[in-house]
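One letter stands for each residue in the lines below.
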Amino acid sequence: MNVWKALGLAGMAGVAATGALVVRSERKRRAYAPNEVREQLHQRFAALSSEPEPVAAPPLSRRQQLRSKLRFSRAR
């Protein structure tokens, strides 16, 4: 059997396997009723909106940036 022929057959098998996985996941996705999907989305949104937003640290000054870089280079 030619090497190229084996590679071609392996590639075709990979494409077929990938297609089968896509079809199976699509069936799982479509198995949900629209109301179930809506409820899940509302639950996710409520969970995200209930978390407090992180407070951003003030940006470092140029002097602080240089100091941290020098400190890092001395540690090596």
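Look up: the structure comes first, before these words.
Cut-offs applied
- Residues numbered from 1 in each chain as written.
- Predicted model: local features only at pLDDT ≥ 70, side-chain atom pairs only at ≥ 80, totals over all residues.
- Heavy atoms only, no water.
- Helix = DSSP H or I, 4+ residues; strand = E, 2+ residues; numbered from the N terminus.
- Rg over C-alpha atoms; globule rule 2.2 N^0.38 Å.
- Areas by Shrake-Rupley, 256 points an atom, 1.4 Å probe, with all protein chains shown as cover.
- Lys, Arg positive; Asp, Glu negative; His and termini not counted.
- Charge placed at Lys NZ, Arg CZ, Asp CG, Glu CD.
- Patch = residues over 30% accessible without salt bridge, like charges linked within 9 Å, V, L, I, M, F, W, Y side chains within 5 Å.
- Salt bridge = Lys/Arg side-chain N within 4 Å of Asp/Glu carboxyl O.
- Buried < 20%, exposed > 50% of the residue type's maximum accessible area, 1.4 Å probe, protein only.

Let's shift gears to the overall build of the protein. Along the protein, the regular secondary structure elements total three helices and zero strands. Along the chain direction, N to C, the helices and strands of the protein fall in the order α-α-α. Against the compact-globule benchmark of 11 Å for 76 residues, the protein has a radius of gyration of 27 Å, which places it well outside the compact range. As presented, the protein carries roughly 7,700 Å² of accessible surface, and 62% of it is formed by carbon and sulfur atoms. Taken as two groups, the 15 positive and 5 negative side-chain charges of the protein have centres that lie 20 Å from each other.

Where nonpolar side chains cluster on the molecular surface, the patch consists of Val3, Trp4 and Leu7 and spans about 390 Å² of accessible area. Topologically, Val3 is positioned in helix α1 (residues 3-30). Look at Val3 and you get exposed, because its relative accessible area is 57%.

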